[in-house]
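Reading the structure
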Amino acid sequence: QVQLVESGGGLVQPGGSLRLSCAASGSIFSVYGMRWYRQAPGTKRELVADISSGGYTVYVASVKGRFTISRDNAKNTVYLQMNSLKPEDTSVYYCNADIRTVVDGALTNYWGQGTQVTVSS
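This text gives an overview of the structure that appears in the document. (Residues numbered from 1 in each chain as written. Predicted model: local features only at pLDDT ≥ 70, side-chain atom pairs only at ≥ 80, totals over all residues. Heavy atoms only, no water.)

If you look at the biggest cluster of nonpolar residues, it comprises 28 residues, and the most contacted ones within it are Trp-36, Leu-80, Met-82, Tyr-93 and Ile-99. Breaking this core down by element, the ones donating at least two residues are strand 1 (2-7), strand 3 (18-26), strand 4 (28-39), strand 5 (46-51), strand 7 (67-72), strand 8 (77-82), strand 9 (91-101) and strand 11 (115-119). (Core = buried A, V, L, I, M, F, W, Y, C linked by side-chain atoms within 4.5 Å. Buried < 20%, exposed > 50% of the residue type's maximum accessible area, 1.4 Å probe, protein only. Helix = DSSP H or I, 4+ residues; strand = E, 2+ residues; numbered from the N terminus.)

We now examine the pairing of strand 8. Here strand 8 lies mainly inside the structure; five of its six residues are buried. Pairing of strand 3 with strand 8, which is carried by six bridges, proceeds in the antiparallel orientation. Its bridge partner being in strand 8, Leu-18 is matched across the sheet by Met-82. The hairpin turn running from strand 7 into strand 8, its antiparallel successor, is four residues long, and Asn-76 in that turn takes a positive phi close to 50°. (Pairing = 2+ DSSP bridges.)

Attention now moves to the pairing of strand 10 (residues 107-111). With five bridges joining them, strand 9 and strand 10 adopt antiparallel strand pairing. For Ala-97, the partnering residue across the bridge sits in strand 10 and is Tyr-110.

With that settled, the discussion passes to the sheet that holds strand 7. Here we have four strands laid out as an open sheet, ordered 1-3-8-7, and antiparallel in their pairing. Both edges of this open sheet fall to strand 1 and strand 7, since each of them pairs with a single strand only. Ignoring strand direction, the axes of neighbouring strands in this sheet form an average angle of 15°. When strand 7 meets strand 8, the two strands line up antiparallel, connected through six bridges. Directly across from Arg-71, in strand 8, lies its bridge partner Val-78. (Axes fitted to C-alpha atoms, helices over the stretch in contact; angles between N-to-C directions.)

What follows concerns the packing of aromatic side chains. Aromatic ring pairs are described here by two measures, namely the spacing of the ring centres and the angle between the planes. Across all of its chains, the model carries two aromatic pairs by this definition. Aromatic pair Tyr-37 and Trp-111: ring centres 4.9 Å apart, planes at 55°, arrangement tilted. With a gap of 74 residues between them, Tyr-37 in strand 4 and Trp-111 in strand 10 connect regions that are remote in the sequence. Measuring from centroid to centroid gives 6.4 Å for Tyr-94 and Trp-111, while their planes differ by 85°, and the two rings are edge-to-face. Placement of the pair is Tyr-94 in strand 9 and Trp-111 in strand 10, with a sequence separation of 17 residues. For Trp-111, a relative accessible area of 38% translates into the label partly exposed. Ring pairing ties together the aromatic residues Tyr-37, Tyr-94 and Trp-111, which thus form one cluster. Residue placement shows Arg-45 over the ring face of Tyr-94; its charged tip is 3.7 Å from the ring centre. Across from the ring centre of Trp-111, 4.7 Å away, lies the NZ or CZ of Arg-45, which sits over that ring. (Phe/Tyr/Trp six-rings, centres within 6.5 Å; stacked < 30°, edge-to-face > 60°. Lys NZ or Arg CZ within 6 Å of the ring centre and 35° of its normal.)

Put into structure tokens, the structure is as follows:
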């Protein structure tokens, strides 16, 4: 089995920073694309940032220049550095990854449990 475990969420004032982490563990053969999504109450889940296994990154327009996605392939971990946070960034942030397992070689999409980020004064 494979698990994605997020950490780093919390309450921060507008203009502040947070760093989210997501570690994949279990019967992992290889990790491919890794992503961060977010979902606020009453809204659809949206893709925030994506990073390929080679380090190519994509961001939603609303976070460009403020958020940075990165990964440590040796640790099967993806990060999201969030700077200049705004109240509209308040959401539950979810980690997502495409992982090939050792057990059967299947390529499967996995989700983390989510971590709350609240931006408020």
